[in-house]
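Topology and contacts: notes
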Amino acid sequence: MFTFGWLTVTAEDIGIWQQFPNAAFTLVRLPGSGDGIAEEFHLGAFDIAQDDMRREPAAAGSQSGEIA
């Protein structure tokens, strides 16, 4: 459980996770979210392990933005 604030995850982020389940994302703080109550973040750049790069692309129907 995270207690530092809110995290927004987009359909594109989910698409990356569907294709590369082991992808590691950076957390990016949204500007102007330092109101002292809760900060807001979104997922930024991601890293894909070399082993994941060698795998075949995800099956048809699981393209970025599609939620199963």
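Everything numeric in this text was worked out from a predicted model, so none of it was measured.

Moving on to the sheet that holds strand β3 (residues 39–47). Overall, mixed pairing links the three strands, which are arranged β1-β3-β2 in an open sheet. The sheet terminates laterally at β1 (5–8) and β2 (24–29), the two strands that pair on one side only. Neighbouring strand axes in the sheet, compared pairwise and without regard to direction, differ in orientation by 40° on average. Bridge analysis of β2 against β3 gives five bridges, and the strand direction is antiparallel. Of the residues in β3, the one forming a bridge with phenylalanine 25 is phenylalanine 46.

The next point concerns a nonpolar patch on the surface. Together, Leu7, Val9, Trp17 and Leu27 make up an exposed nonpolar region whose accessible area comes to about 330 Å². Here tryptophan 17 shows up in helix α1 (residues 11–19). With a relative accessible area of 34%, tryptophan 17 lands in the partly exposed category.

Turning next to α1. Residues of α1 that are buried: Asp13, Gly15 and Ile16. The buried residues of α1 occupy an angular sector of 160° when the element is viewed end-on, so they sit on one face. Where α1 is buried, its residues contact β1, β2 and β3.

Of the residues in the protein, 63% reach a pLDDT of 70 or more, and the chain-wide mean stands at 74. Mean pLDDT per element in the protein: helix α2 (residues 50–54) is the minimum at 64, and α1 is the maximum at 93. Counted against residues more than four places away or in other chains, residues 59–68, with its pLDDT under 50, gives eleven contacts.

Conventions adopted
Residues numbered from 1 in each chain as written. Predicted model: local features only at pLDDT ≥ 70, side-chain atom pairs only at ≥ 80, totals over all residues. Heavy atoms only, no water. Pairing = 2+ DSSP bridges. Helix = DSSP H or I, 4+ residues; strand = E, 2+ residues; numbered from the N terminus. Axes fitted to C-alpha atoms, helices over the stretch in contact; angles between N-to-C directions. Patch = residues over 30% accessible without salt bridge, like charges linked within 9 Å, V, L, I, M, F, W, Y side chains within 5 Å. Areas by Shrake-Rupley, 256 points an atom, 1.4 Å probe, with all protein chains shown as cover. Salt bridge = Lys/Arg side-chain N within 4 Å of Asp/Glu carboxyl O. Buried < 20%, exposed > 50% of the residue type's maximum accessible area, 1.4 Å probe, protein only. Arc of directions from axis to C-beta. Contact = heavy atoms within 4.5 Å. pLDDT = per-residue confidence, 0-100.

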